[in-house]
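Coordinate inspection notes
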Amino acid sequence: MKQLKSSLDKNAAGFIQLVPDNVEDLWHLYNMVGEEDLVTATTMRKVAKENASGGKDSERVKMKLCLRVEAVDFDPEAEELRIRGRNTTENDHIKLGAYHTLEVTASRALTVAKANWDAMHLEVIHQACNPAASADLAAVLVQEGLAHVVLVGGSCTFLRAKVEANLPRKRGAAAAGYDKAFNKFLENVLQAILKSVDFDVVKCLVLAGPGFTKEQLQAYIRQEAIKRDLKSISTNQSRILLAHASSGYKHALKDVLSVPAVMERIKDTKAGAEVRALNAFYAMMTSNPARAFYGPGHVLAAHDHLAIDTLLISDSLFRSSDLPTRARWVALVEAVRLAKGTVHIFSSMHCSGEQLRQLTGVASILRFPLPELEDMEL
């Protein structure tokens, strides 16, 4: 994310002009822009004009609009952010107060103005403009006849390709066609990798899944890299790892992120820190449950005792349209940090964030046990 100019102070009005570089930056904007913000950007709008015969023709006109935001939607597949609101700009083609939707994509500048920039807004900007926060991990989750190619960034996990094949049975009359169909499946997976994985960006490529399909895929990739002189593959063999996963579906990515060799590659990234923190929470739940609380009631009660050592909180809680609710979570994060605790803000677009969401979106590891609160309904 490129920051062009800004006038920002914590808990005060201000603005920032940004240019998103990629789809992950659009996710950061989704977490930054909220209702009642003013967003200014160049857009296209269909307008009606009278022609020579008295009829009306429509044409798309480029214009710069400022909208007062009412809704924000992120579409990772279309790789765009849709910001809907009412026009606040005097314009020949659109009335004041008329509705419009800005479709924000990578490389399109926009300006965001808020009446109040809180600590979490400023943290989102810091993360978006910090390239070191990116995980840049690619994974192929594969089983016989099914593969998913995913990219794990600093704050998002994106599905880049899905490859499916109906493979004949290995036995019986159809057995003769199995090898041919399976090789075609491996070729389609290789093509998806070549199209989706840029080794100038990713730290490693993990081939993962149950059984031996991942090993067969690795052997096929090595063989074809030599045969076709695929430099991007042959020069990066050391960055292609094998790992076990429960299936070839996207949800099995959590297995990949628990592999020590993979964790070593992403240990200094935000995604790696989230996985380690969640694993530590589960370990504490097993060994000393009175020091592992989850759910708003229990976590806030633990904070009242100044007991939180590590706070795990989902970014989805900060997207609440209820400002007092958002303010409560922002205040908790700031208070935990002030008390020398560690805070991990999980992306709901990562598998670790999805796991945290199943624990209500907020959890904590405590400095000391609180058995008197453990079984209370809060």
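Residues numbered from 1 in each chain as written. Predicted model: local features only at pLDDT ≥ 70, side-chain atom pairs only at ≥ 80, totals over all residues. Heavy atoms only, no water.

Considerations on the overall build of the chain
As a reminder of what qualifies: Helix and strand assignments follow DSSP, with helices taken as H or I runs no shorter than four residues and strands as E runs no shorter than two, numbered in order from the N terminus. Only protein chains enter the accessibility calculation, which uses a 1.4 Å probe. A residue is then buried if its area is under 20% of the maximum for its type, exposed if over 50%, and partly exposed in between. In this analysis, two residues are considered to be in contact whenever any of their non-hydrogen atoms come within 4.5 Å of each other.
Each helix and strand counted, the chain has 12 helices and 16 strands in total. Its C-alpha atoms give the chain principal-axis dimensions of about 80 × 70 × 35 Å. Taken across its 378 residues, the chain has 48% of its residues classed as buried. In the chain, once contacts between residues fewer than 6 apart in sequence are set aside, the share between residues at least 24 apart is 66%.

Focus: unusual backbone geometry
Unlike most non-glycine residues, E36 shows phi in positive territory, near 75 degrees. Looking at E36, the relative accessible area reads 52%, which means it is exposed.

Description of helix α4 (residues 213-228)
For an α-helix, 3.6 residues make a turn, and residues three or four places apart therefore share a direction. The line we're drawing: The span one expects for a helix is its residue count, reduced by one, times 1.5 Å. By definition, the arc is the one covered by directions from the helix axis to the C-beta atoms.
For α4, built from 16 residues, the straight-helix expectation of 22 Å at 1.5 Å per residue is met to within 8% by its first-to-last C-alpha distance of 22 Å. Buried residues of α4: T213, K214, L217, Q218, Y220, I221, E224 and A225, and no others. Along the axis of α4, the buried positions cluster into a sector of 165 degrees, meaning they face one direction only. Residues I226 and K227 are exposed on α4 and point more than 90 degrees away from its buried face. Contact partners of the buried residues in α4: β8 (137-143), α3 (178-196), β11 (204-209), α5 (231-234) and β12 (240-244). One or two positions beyond α4, positive phi appears at D229, with a value near 55 degrees.

Details of the packing of helix α9 (residues 296-304) against helix α10 (residues 323-338)
Rule in force here: Here an axis means a line fitted to C-alpha atoms, over the contact stretch when the element is a helix, while the angle between two N-to-C directions is reported on a 0 to 180 degree scale. The labels follow the angle: roughly parallel below 35 degrees, roughly antiparallel above 145, roughly perpendicular from 65 to 115, and oblique for the rest. Two helices that cross are described as forming a left-handed crossing if the nearer one is turned anticlockwise from the farther one by less than a right angle, and a right-handed crossing if clockwise. The residue classification treats Ala, Val, Leu, Ile, Met, Phe, Trp, Tyr, Cys and Pro as nonpolar and Asp, Glu, Lys and Arg as charged. All others, Gly included, are polar.
At a closest axis distance of 11 Å, the pairing of α9 and α10 adopts a crossing angle of 40 degrees. Viewed along their axes, α9 and α10 adopt a mutual orientation that is oblique. Note that α9 runs across α10; the crossing there is left-handed. Contacts between α9 and α10 involve P296, V299, L300 and H303 from the former and R328, W329, L332, A335 and V336 from the latter. For the contact of α9 with α10, the class distribution of residues is seven nonpolar, one polar and one charged.

Section: the pattern of salt bridges
Heads up, the rule is: Whenever a carboxyl oxygen of Asp or Glu lies within 4 Å of a side-chain nitrogen of Lys or Arg, that contact is scored as a salt bridge.
For the coordinates displayed, the defined rule picks out 19 salt bridges. Note that E215 and K214 form a salt bridge whose closest N and O atoms lie 3.9 Å from each other. With relative accessibility at 31%, the residue E215 sits in the partly exposed group. A salt bridge links E224 to K227; its shortest N-O distance comes to 3.4 Å. Here E224 pairs with K227, and both are found in helix α4, just three residues apart, close to one helical turn. Looking at K227, the relative accessible area reads 60%, which means it is exposed. Several salt bridges share partner residues, and in doing so they unite D73, D75, E80 and R82 into one network.

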